[in-house]
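Below, each chain spelled out in residue letters.
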Amino acid sequence: MTKATDVTEATAQTVGTEAGDARITWHPAKKPRLVLAVGHGAGGGIEVRDLQALAAALPADGVTVALVEQPWRVAGKKVAPVPKTLDTGWRGVWPALTGPGLPVISGGRSAGARVACRTAAELGAHAVLALSFPLHPPGRPEKSRAEELLGAGVPTLVVQGGNDPFGKPAEFPEGDFRLIEVPHGDHGFAVPKRAEITQERALDVVTGAVREWTASLG
């Protein structure tokens, strides 16, 4: 159970980037040792279930969670820009993420995971968290994005739904990363009502895996 003394209230920060204004919502730990910065995907913002679950769970472990909204979302646009622009937005918020003076884990879900992998080495990320990494477009396994994941160059954790149409766990190549499967989960970690795992348990798998992994990072 998370005690009230373990965390402080969330605060929002607007950060100017070359791609426009981004926004960071900080969920600070009382005694932080790491910052976990997580960007959203192309189909949703930071309100999605897994990002909110991490923001609620990790601060009790000394991990400040920074949920990052890309400029296109802040501007109210419906469609994400090209990857190059997403990378520009992420680079632009990085100085604010390193501001607390702590190691920063670069993370994201779906398109945000790709951004984190592509930029980790150049930004000096401590590690990468890839939630629902889109290994390929649905039904197009020949359009693999494995090179982005394999090129992260830092300790990497992939958390992937067992039924993710963008890449099931068995489709991932061997590489220098750890992969945790969320049984029956789709791209948003939603599980069918008929599954032997509840939605609450599925989110527990996500948060439990990330908590264990961040603890191993020091």
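Check the entry above for the structure.
Residues numbered from 1 in each chain as written. Predicted model: local features only at pLDDT ≥ 70, side-chain atom pairs only at ≥ 80, totals over all residues. Heavy atoms only, no water.

Now for the layout of surface pockets. In this structure, the largest pocket encloses a volume near 160 Å³. Taken together, 14 residues form the lining of the largest pocket, with Ala42, Ser110, Ala111, Arg114 and Arg145 sitting closest to its centre. Breaking the lining of the largest pocket down by element, the ones donating at least two residues are helix H3 (83-98) and helix H4 (111-123). Sorting elements by how many residues they give to the lining of the largest pocket places H4 first, with three residues. (1 Å grid on protein atoms, 1.4 Å probe; cavity = no way out; pocket = protein on both sides within 12 Å on 5 of 7 lines; lining within 4 Å. Points joined across faces, edges and corners; volume = space filled by probe spheres on them. Helix = DSSP H or I, 4+ residues; strand = E, 2+ residues; numbered from the N terminus.)

Ranked by internal contacts, the top residues of the largest apolar core, which has 35 residues, are Ile24, Trp90, Val93, Leu97 and Phe133. At the level of secondary structure, the elements contributing two or more residues to this core comprise strand S2 (20-27), strand S3 (34-39), strand S4 (63-69), H3, H4, strand S6 (127-131) and helix H5 (146-150). If you tally residues by element for this core, the top one is H4, at seven residues. Listed in part, the 31 residues of the second largest apolar core include Leu157, Ile180, Val205 and Trp213. (Core = buried A, V, L, I, M, F, W, Y, C linked by side-chain atoms within 4.5 Å. Buried < 20%, exposed > 50% of the residue type's maximum accessible area, 1.4 Å probe, protein only.)

This part is about the sheet that holds S4. Here eight strands make up an open sheet; going across it, the order is S1-S2-S4-S3-S5-S6-S7-S8 and the pairing mixed. Each edge of the open sheet is held by one strand with a lone partner, namely strand S1 (11-17) and strand S8 (178-182). Each strand axis lies, on average, 20° off the axis of its neighbour in the sheet, ignoring direction. Sheet topology note: the S6/strand S7 (residues 156-161) ladder contains four bridges and is parallel. From the neighbouring strand, Leu131 faces S7, where its bridge partner is Val159. Here H3 sits on the sheet and contacts S1, S2, S3, S4 and strand S5 (104-109); the angle it forms with S1, its principal contact strand, is near 130°. Against the sheet, H4 contacts S3, S5 and S6, and its axis sits at roughly 145° relative to S5. (Pairing = 2+ DSSP bridges. Axes fitted to C-alpha atoms, helices over the stretch in contact; angles between N-to-C directions. Contact = heavy atoms within 4.5 Å.)

Axis separation between H3 and H4 bottoms out at 10 Å; the angle between their running directions is 60°. Classified by the angle between their axes, H3 and H4 sit oblique to one another. Classified by chirality, the crossing of H4 by H3 is right-handed. Residues Pro83, Leu86, Asp87, Trp90, Arg91 and Trp94 of H3 form the contact with H4, whose own contacting residues are Ala111, Val115, Arg118, Thr119, Glu122 and Leu123. Partitioned by chemical class, the residues of the contact of H3 with H4 number seven nonpolar, one polar and four charged. (Parallel < 35°, antiparallel > 145°, perpendicular 65-115°, else oblique. Left-handed = near helix turned anticlockwise from the far one by under 90°. Nonpolar A, V, L, I, M, F, W, Y, C, P; charged D, E, K, R; others polar.)

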